[in-house]
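Descriptive analysis of the structure
Listed below are the residues making up each chain.
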Amino acid sequence: MMFGPLIEEDGVNFSLWAPYCSRASLKLGQEIIPMDRDEMGYFRVKAEAKPGDKYKFVTDRGEIPDPASRFQPDGVHGYSQLVSPLFPWEDQEWKGLRKEDLIIYEIHVGTFTSEGTFEGVTHRLDYLSDLGITALEIMPVAQFPGKRGWGYDGVYLYAVQNSYGGPSGLKKLVNEAHKRNLGVILDVVYNHVGPEGNYMNAIGPYFSTKYKTPWGLTFNYDDYGSDEVRRFVLENLEYWMTEFHIDGFRLDAVHAIIDNSPKHILEEIADVVHRHGKLVIAESDLNDPRIVNPKERCGYGIDAQWVDDFHHSIHAYLTGERQGYYSDYGSLEDVVKAFRDVFVYDGRYSRFRGKTHGRPVDLDGCSFVVYIQNHDQVGNRGKGERLSTLLDRESLKMAAALYLLSPYIPMIFMGEEYGETTPFYYFSDFSDPELIKGVRDGRKRENGQEMDPQYEGTFSSSKLTWRIEDEILTLYKQLIKIRKEYLNCKRNTIIHRDDGWLIVRKDKVVIIYVFKPTTISANIDGKLLLSSPNSFPKELRGEINANKGFGIYII
């Protein structure tokens, strides 16, 4: 690899890409060692050092940590530390992930357990395995400012967050997950870098001068010096896969990645990940199938993408909310279209956007990830409310059945499966006063969040309580079991819709969803597998008076 330190038996090769600098030295302990510069702007030197040693680079642009640091034990402004790549892996029997088998569980390490560490997550792996999930998706762990945050303001792509347990903690977690046949998907941010602790802008063309994001500087993927920037990102993927045995990636907000190169960076990312037999999932609000179309159809070849339309249609219909982007949704027909066509807006005019949005899809359901909650949809609400506090019990159960038994890849947000009611807020731990003020004002203005993001209590009140409602947890286990036994990602769904109810048939499974008490007329030759509430007849023939809930039949 071109970026970061390489530990060898006779010393350590240090490198720094800093083409804006005319000179640079390695500061190793109290020793200052000059580095040689090549024509590409790389500075290199080999020095006697060992894992545990701390270092910085001294340049004519100032003293900086290593942009490709493997560990920042003292935070984003402190010294970088050498870390041994050696680890006693025990996952040789792990076969890897297939997207057809994915049932994803999204967590935030800091709030998933009281410990707020990788070790704390490890203690819950048996629970997750028993739940029936196949992959743990971890919100970003690249070093971010302070001890608490969502992770999307990370500034060291290669360094594992110190407050979570650092590199060794993440390796132990992945190792233990694999021993339980659980894959690990890592959320990575390649659309921008956070502002605090970001020293890269001073030393090279790491960031674009043409494009901007709402969250910070965006990487330079297509301008002067972009070859090395692309290498910086692509090597980062290699690093996670080879050194940490990561099974897949969730790419944050790819709609904010602008690249006019002949080969888009997303296509290159897919190529690198697929060479290792791993998976890559993109978050995008473009409703553009090009992201997941295969390359022979002029796509980027990403394995799957998030579908907000599915979430929005179910949320708006069941809660009645119509503010913001929910103003484009709200009818039962939107829910039906999300089932049939993936995107509700697939070339339709969007009132909220004021323009036509999206394109039609002709791919199978395994190319799309759906959810009824995630960190964005909960945490970007002003009060951080979960769906369990917005819906009555039967509506909550129906929402779960709608997406867990859909033809798409389901993703559970931590705690949802047992009815967690504690909020999930946006929180941060910046040290720059101007940045703190901007975050406070911005969250209040844009999201109506009254809880101070910087207040430690905002973070601690977002932690899961683990007060488990057995009824909800049992239902999730049953639904996951039904999905694994009877369903797949083929979009061969037949839907009959009437006023306030749906009949969804897929292969041998027929599900009746009743959204308000009504009379249903249907003939189903099969047996009742699951009913919530316990009011659906064992055999359905003719008319029945049905209460709100759902029944699942096997034919």
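In what follows, the accompanying structure is described.

Cut-offs applied
Residues numbered from 1 in each chain as written. Predicted model: local features only at pLDDT ≥ 70, side-chain atom pairs only at ≥ 80, totals over all residues. Heavy atoms only, no water. Helix = DSSP H or I, 4+ residues; strand = E, 2+ residues; numbered from the N terminus. Buried < 20%, exposed > 50% of the residue type's maximum accessible area, 1.4 Å probe, protein only. Lys, Arg positive; Asp, Glu negative; His and termini not counted. Salt bridge = Lys/Arg side-chain N within 4 Å of Asp/Glu carboxyl O. Polar contact = N/O pair within 3.5 Å; in protein donor to acceptor, adjacent residues only side chain to side chain. Contact = heavy atoms within 4.5 Å. Axes fitted to C-alpha atoms, helices over the stretch in contact; angles between N-to-C directions. Parallel < 35°, antiparallel > 145°, perpendicular 65-115°, else oblique. Left-handed = near helix turned anticlockwise from the far one by under 90°. Nonpolar A, V, L, I, M, F, W, Y, C, P; charged D, E, K, R; others polar. Expected span 1.5 Å × (residues − 1). 1 Å grid on protein atoms, 1.4 Å probe; cavity = no way out; pocket = protein on both sides within 12 Å on 5 of 7 lines; lining within 4 Å. Points joined across faces, edges and corners; volume = space filled by probe spheres on them. Disulfide = S-S within 2.5 Å. Core = buried A, V, L, I, M, F, W, Y, C linked by side-chain atoms within 4.5 Å. Pairing = 2+ DSSP bridges. Phe/Tyr/Trp six-rings, centres within 6.5 Å; stacked < 30°, edge-to-face > 60°.

Structural notes on the side chain of Arg 386
Counting through the fold element by element, Arg 386 comes out in the loop between helix H9 (375–379) and helix H10 (393–404). Buried within the structure, Arg 386 lacks any salt-bridge partner; Glu 420 is the closest side chain of opposite charge, at an N-O distance of 5.4 Å. Separated by 2.9 Å, the side chain of Arg 386 and the backbone oxygen of Met 414 make a polar contact. With sequence-adjacent residues up to four places away left out, Arg 386 is seen in contact with Gln 373, Val 378, Phe 413, Met 414, Gly 415, Glu 416, Glu 420, Thr 421, Thr 422 and Leu 464.

Regarding the environment of Gly 166
Mapped onto the fold, Gly 166 is located in helix H4 (residues 166–179). Assessed through its relative accessible area of 0%, Gly 166 is described here as buried. C-alpha separation for the pair Gly 166 and Val 83, spaced 83 residues apart in sequence, amounts to 9.9 Å. Setting aside chain neighbours within four positions, we find Gly 166 in contact with Phe 71, Phe 118, Val 160 and Gln 161.

Re the packing of H10 against helix H13 (residues 470–486)
At their nearest, the axes of H10 and H13 sit 10 Å apart, and the two run at 25° to each other. With respect to H13, the element H10 is oriented roughly parallel. H13 is crossed by H10, and the crossing has right-handed handedness. Across from Arg 393, Leu 396, Lys 397, Ala 400, Ala 401, Tyr 403 and Leu 404 in H10, the residues of H13 making contact are Glu 471, Ile 472, Leu 475, Tyr 476, Leu 479, Ile 480 and Arg 483. Tallied by class, the residues present in the contact of H10 with H13 amount to 10 nonpolar, no polar and four charged.

Quick notes on H4
In an α-helix there are 3.6 residues to a turn, and that puts residues three or four apart on one side. End to end, H4 covers 21 Å across 14 residues, agreeing with the expected 20 Å (1.5 Å per residue, within 8%). Of all the 14 residues making up H4, 11 are buried; the element is thus mostly covered by neighbouring parts of the structure. Within H4 the residues assigned to the buried category are Gly 166, Pro 167, Gly 169, Leu 170, Lys 171, Leu 173, Val 174, Asn 175, Glu 176, Ala 177 and His 178. Considering only its buried residues, H4 is in contact with helix H2 (118–122), helix H3 (125–131), strand E11 (135–138), strand E13 (156–160), strand E14 (183–188) and helix H5 (226–244).

Overview of empty space enclosed by the protein
Summed over all chains, the structure comprises four cavities of 30 Å³ or more. The volume enclosed by the largest cavity comes to roughly 120 Å³. As for the largest cavity, its lining consists of 15 residues, of which Pro 140, Ala 142, Leu 157, Val 188 and Val 189 are closest to the centre. Of all the secondary structure elements, the ones that give two or more residues to the lining of the largest cavity are E14 and H5. No other element matches the three residues that E14 contributes to the lining of the largest cavity. Considered class by class, the residues forming the lining of the largest cavity number 10 nonpolar, four polar and one charged.

A few points about the state of the cysteines
Counted under the stated rule, the structure contains one disulfide. Residue pairing for Cys 366: its cysteine sulfur links by disulfide to Cys 489, the two sulfurs lying 2.4 Å apart. Taking the sign of the S-S torsion, 95° for the link of Cys 366 and Cys 489, the bridge is right-handed. Linking Cys 366 in the loop between strand E19 (355–357) and strand E20 (368–370) with Cys 489 in the loop between H13 and strand E22 (493–498), this pair joins segments that are 123 residues apart in sequence. Residue classification places Cys 366 among the buried residues on the basis of a relative accessible area of 4%. Of the residues examined, Cys 489 reaches a relative accessible area of 5% and is grouped as buried.

Thoughts on the layout of surface pockets
Of the pockets and cavities examined, the second largest pocket occupies roughly 240 Å³. The wall of the second largest pocket is formed by 13 residues, among which Pro 5, Leu 6, Arg 70, Pro 85 and Glu 243 lie closest to the centre. Of all elements in the fold, only strand E1 (6–8) and H5 reach the threshold of two or more residues within the lining of the second largest pocket. Here the lining of the second largest pocket takes three residues from H5, the largest share from any one element.

Structural notes on the pattern of salt bridges
Throughout the structure, instances matching the rule amount to 46 salt bridges. For Arg 445, the salt bridge identified is with Glu 446, shortest N-O distance 3.5 Å. For the pair formed by Arg 445 and Glu 446, the shared burial category is exposed. Several salt bridges share partner residues, and in doing so they unite Glu 90, Asp 126, Glu 176, Lys 179 and Arg 180 into one network.

Some remarks on the nonpolar core
In terms of nonpolar packing, the biggest core is built from 160 residues, with Phe 14, Tyr 190, Trp 240, Phe 249 and Tyr 513 touching the most fellow members. In contact with Phe 14, other than residues within four places in its own chain, are Pro 5, Leu 26, Leu 28, Met 35, Phe 43, Arg 44, Val 45, Ala 47, Ala 49, Tyr 55, Phe 57 and Leu 82.

Structural notes on the sheet that holds strand E2 (residues 11–17)
An order of E1-E2-E6-E5 is seen for the four strands of this open sheet, with the pairing classed as antiparallel. Edge strands, defined here as strands with exactly one partner in the open sheet, are E1 and strand E5 (36–37). For E2 and strand E6 (residues 42–47), the ladder comprises six bridges, and the chain directions are antiparallel. Paired with Ser 15 across the two strands is Arg 44, which belongs to E6.

Some points on the packing of aromatic side chains
Across all of its chains, the model carries 39 aromatic pairs by this definition. Arranged with centres 5.3 Å apart and planes meeting at 75°, the rings of Phe 112 and Trp 466 form a pair that is edge-to-face. One end of the pair, Phe 112, is in helix H1 (residues 109–112); the other, Trp 466, is in the loop between helix H12 (456–460) and H13, with 354 residues separating them in the sequence. Considered together, Phe 112 and Trp 466 belong to a single accessibility category, that of buried residues.

Quick word on the packing of helix H7 (residues 308–319) against H10
Between two packed helices, the angle of one axis relative to the other and the distance separating the axes together describe the packing. Axis separation between H7 and H10 bottoms out at 11 Å; the angle between their running directions is 160°. Between H7 and H10, the angle falls in the class roughly antiparallel. The element H7 and its partner H10 pack so that their crossing is right-handed. Where H7 approaches H10, its residues Phe 310, Ile 314 and Leu 318 are matched on the opposing element by Ser 395, Ala 399, Leu 402 and Tyr 403. Looking at side-chain class alone, the contact of H7 with H10 contains six nonpolar, one polar and no charged residues.

Quick notes on unusual backbone geometry
In the segment running from Ser 532 into Pro 533, the intervening peptide bond is cis, with an omega of 0°. In this fold, Pro 533 is placed in the loop between strand E26 (527–532) and strand E27 (540–546). Look at His 245: it is not a glycine, yet its phi comes out positive at around 60°. Mapped onto the elements, His 245 comes out in the loop between H5 and strand E15 (248–251). In the Ramachandran plot, Cys 298 falls in the positive-phi region, its phi being about 65° despite a non-glycine side chain. With respect to the secondary-structure elements, Cys 298 resides in the loop between strand E16 (279–282) and strand E17 (304–306).

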